[in-house]
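# Analysis of the macromolecular model
Here's the letter readout for the chains.
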Amino acid sequence: MKRLMPSPPLSFALFVIWLLLNQSLEAATLLSAAVLAIAVPLITKGLRPARVRMRRPGVALRLSFLVTFDMLKSAYDVARLLLTRRTADISARFVQIPLDMRDPNGLAVLAMIMCLTPGTAWGEVSFDRTTLLIHVFDLEDDAAFIAMIKTRYERPLMEIFES
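Rules used throughout
Residues numbered from 1 in each chain as written. Predicted model: local features only at pLDDT ≥ 70, side-chain atom pairs only at ≥ 80, totals over all residues. Heavy atoms only, no water. Helix = DSSP H or I, 4+ residues; strand = E, 2+ residues; numbered from the N terminus. Buried < 20%, exposed > 50% of the residue type's maximum accessible area, 1.4 Å probe, protein only. Patch = residues over 30% accessible without salt bridge, like charges linked within 9 Å, V, L, I, M, F, W, Y side chains within 5 Å. Areas by Shrake-Rupley, 256 points an atom, 1.4 Å probe, with all protein chains shown as cover. Salt bridge = Lys/Arg side-chain N within 4 Å of Asp/Glu carboxyl O. Core = buried A, V, L, I, M, F, W, Y, C linked by side-chain atoms within 4.5 Å. Contact = heavy atoms within 4.5 Å. Pairing = 2+ DSSP bridges. Axes fitted to C-alpha atoms, helices over the stretch in contact; angles between N-to-C directions. Polar contact = N/O pair within 3.5 Å; in protein donor to acceptor, adjacent residues only side chain to side chain.

## Some details on the environment of Ile-43
For Ile-43, the position within the fold is in helix H2 (residues 27–43). A relative accessible area of 68% means that Ile-43 is categorised as exposed.

Shown next as structure tokens:
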């Protein structure tokens, strides 16, 4: 059954959405909904990320509190900088961070953290997953920022996804 329907929730959602879009319960609509509900998850199976296996839920909980705190602090700092500094005095730039983490799920979570934190934006990750490019709104010390990302985010994510 798992081979025919690799993602039952996705299949169910596609089936229902197709019926709602067509506003019909005719046999042809039901048949086309069933075909889509089976075919689309099978065709897109290779596009889904690797299965998540979280090894340290306590570390994940601590990390979520830390990220929430950092997001609030960063929002305050960015607002303060925008209101008190001239644009010429803001030191925005790209920073390359060497990565030790290779797990695609951990990298996805790191990307979400960077994108959700005001003042930072995910640039790109190298093809070999060894370097991360991040744009930082205002940065004084590259080395301190790199160390902060590695200790506050990458190390806990490695414990969660790679240990």
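## Considerations on a nonpolar patch on the surface
A cluster of nonpolar residues, Phe-12, Val-16 and Leu-20, forms a patch on the protein surface that exposes about 310 Å² of accessible area. Its location among the elements puts Val-16 in helix H1 (residues 8–22).

## Some remarks on the nonpolar core
With 22 residues, the main nonpolar core has Ile-97, Leu-110, Phe-145 and Tyr-153 as its most contacted residues. Contributing elements (two or more residues each) for this core: helix H3 (57–84), strand S1 (93–98), helix H4 (104–116), strand S3 (131–136) and helix H5 (142–161). Per element, the largest residue contribution to this core is 7 residues, and it comes from H5. The residues contacting Phe-145, other than those within four sequence positions of it, are Val-95, Ile-97, Thr-120, Ile-134, Val-136 and Leu-139.

## Thoughts on the pattern of salt bridges
This model, assessed by the stated rule, comprises 9 salt bridges. Put simply, Asp-70 and Arg-152 hold a salt bridge, and the shortest N to O gap is 2.6 Å. Placement of the pair is Asp-70 in helix H3 and Arg-152 in helix H5, with a sequence separation of 82 residues. Classification of Arg-152 by relative accessible area gives partly exposed; the value is 26%.

## Section: unusual backbone geometry
At Gln-23, a residue that is not glycine, the phi angle is positive and equals roughly 50°. Here Gln-23 lies in the loop between H1 and H2. Of note in this structure, Arg-129 is not a glycine but carries a positive phi near 60°. By the secondary structure assignment, Arg-129 is in the loop between strand S2 (120–125) and S3. Arg-129 gets classed as partly exposed once you look at its relative accessible area, which sits at 34%.

## Observations concerning the sheet that holds S3
Note: strands within a sheet are paired through backbone hydrogen bonds, in either parallel or antiparallel orientation. Within the open sheet, the 3 strands sit side by side as S1-S3-S2. Their pairing is antiparallel. Pairing within the sheet leaves two strands with one partner each, and these edge strands are S1 and S2. Pairwise comparison of adjacent strand axes, ignoring direction, gives a mean angle of 25° for this sheet. Here S1 runs beside S3; their pairing, made up of 6 bridges, is antiparallel. Note that in S3 the partner of Phe-94 across the bridge is His-135. Along the sheet, H4 makes contact with S2 and S3, crossing S2 at roughly 145°. Of the strands in this sheet, S1, S2 and S3 touch H5, which is tilted by about 50° from S1.

## Digging into the environment of Val-109
Relative to the helices and strands, Val-109 is located in helix H4. C-alpha of Val-109 to C-alpha of Glu-154: the two residues are 45 residues apart in sequence and 9.7 Å apart in space.

## What about the side chain of Ser-24?
Counting through the fold element by element, Ser-24 comes out in the loop between H1 and H2. Among the polar contacts listed, one links the side chain of Ser-24 to the backbone nitrogen of Glu-26, at a separation of 3.1 Å. Polar side-chain contacts of Ser-24 include one of 3.4 Å to the side chain of Thr-29. Beyond its immediate stretch of four places on either side in the chain, Ser-24 contacts Leu-19 and Thr-29.

Coordinates in, geometry out; function isn't part of it.
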